[in-house]
Amino acid sequence: MINKEKLLYSLILTLLIFSLASPIIYDQKTSSKRKGRDLVFALDTSGSMAESGFNPENVQNRKFDALKELLRSFITKRYNDNVGVSIFGTYAYPAIPLSYDMGSVAFLLDFFDVGIAGDSTAIGEGLAMALKILKKGEAKEKVIILITDGYQNSGAVSVKEAVQKAKKQHVKIYTIGIGDRSAFDANLLQLIAKNTDAKMFEAKNVKMLQDIYKEIDKLEPSAIRSKHYLNKQNLYMYPLSLASLLLLYLVLKRKKELL
């Protein structure tokens, strides 16, 4: 006849060995669904962005400084979007890839300044670079917000070519001309927005730019996904707990027999 007590001791020993082996499982979670859009800002960093007077409350503040301050406030509230940034001047480059970590995006804005990409204005290249950033996204709705205070006067990519690519990729381009209307190409910005089923805005000062951001904030969201991840779960507590309960049972049983 099997000795039940010895069998329990063997089971306890097995459970303790299993617990010491630190068993784990990896649970691959399906990517979490987020509501929002892929949104890339194409920012003009040409020399004219160093002009002051855009903010009536701080006339010494440069246009680009005011732009970054408002942009930082805007994106930190975009909890459900993927946001990226392309910078353009004489040339363009992808400054920030698509990310829904708004804190990091806002932090990285501090590293950009006027003239960082040259003093000219390559709007076409800025849009082309923004489109490259958007290719990495998976949202159904893709949006570029072009912000400039000048005329296209540089770059190997024409605005027409960039707009044609945007239309093929079903990307809307909202355009914002900042400063005096005579300073930027309002007709071009209007044409870009119209050809991509978007809208053109004008901001002579900080207050107007704030109002524009509020309107853009009402864009209809669509579903996007964050990347997959593996959830590590330790299992050693289960055999350890069972072994402890069985050992407690045997101790109490032995104590009862001695009484």
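These notes cover the structure that comes with them. These numbers were taken from a predicted model, which means no experiment stands behind them.

Some remarks on the pattern of salt bridges
Item 1. A full pass over the atoms with the stated rule returns 11 salt bridges.
Item 2. Between Lys 63 and Glu 51 there is a salt bridge, and its shortest N-O distance comes to 3.3 Å. Taken together, the residues Lys 63 in helix H2 (residues 63–75) and Glu 51 in the loop between strand S3 (38–44) and H2 connect sequence positions 12 residues apart.
Item 3. The partly exposed category is assigned to Glu 51, whose relative accessible area is 44%.
Item 4. Notably, a salt bridge pairs Lys 199 with Glu 215, separated by 2.6 Å at the nearest N-O pair. Linking Lys 199 in the loop between helix H6 (186–195) and strand S8 (200–203) with Glu 215 in helix H7 (residues 206–216), this pair joins segments that are 16 residues apart in sequence.
Item 5. The class of Lys 199 is partly exposed, set by a relative accessible area of 39%.
Item 6. Assessed through its relative accessible area of 36%, Glu 215 is described here as partly exposed.
Item 7. Three or more residues joined by partner-sharing salt bridges are found here, namely Glu 51, Lys 63 and Asp 149.

Describing the pairing of strand S5 (residues 92–99)
Item 1. Bridge count for strand S4 (residues 82–88) against S5 is 5 bridges, and the pairing is antiparallel. Looking at the pairing, Val 85 lines up with Ile 96 of S5.
Item 2. In this structure, the hairpin formed by S4 and S5 is closed by a connection of 3 residues.

What counts, and at which threshold
Residues numbered from 1 in each chain as written. Predicted model: local features only at pLDDT ≥ 70, side-chain atom pairs only at ≥ 80, totals over all residues. Heavy atoms only, no water. Salt bridge = Lys/Arg side-chain N within 4 Å of Asp/Glu carboxyl O. Helix = DSSP H or I, 4+ residues; strand = E, 2+ residues; numbered from the N terminus. Buried < 20%, exposed > 50% of the residue type's maximum accessible area, 1.4 Å probe, protein only. Pairing = 2+ DSSP bridges.

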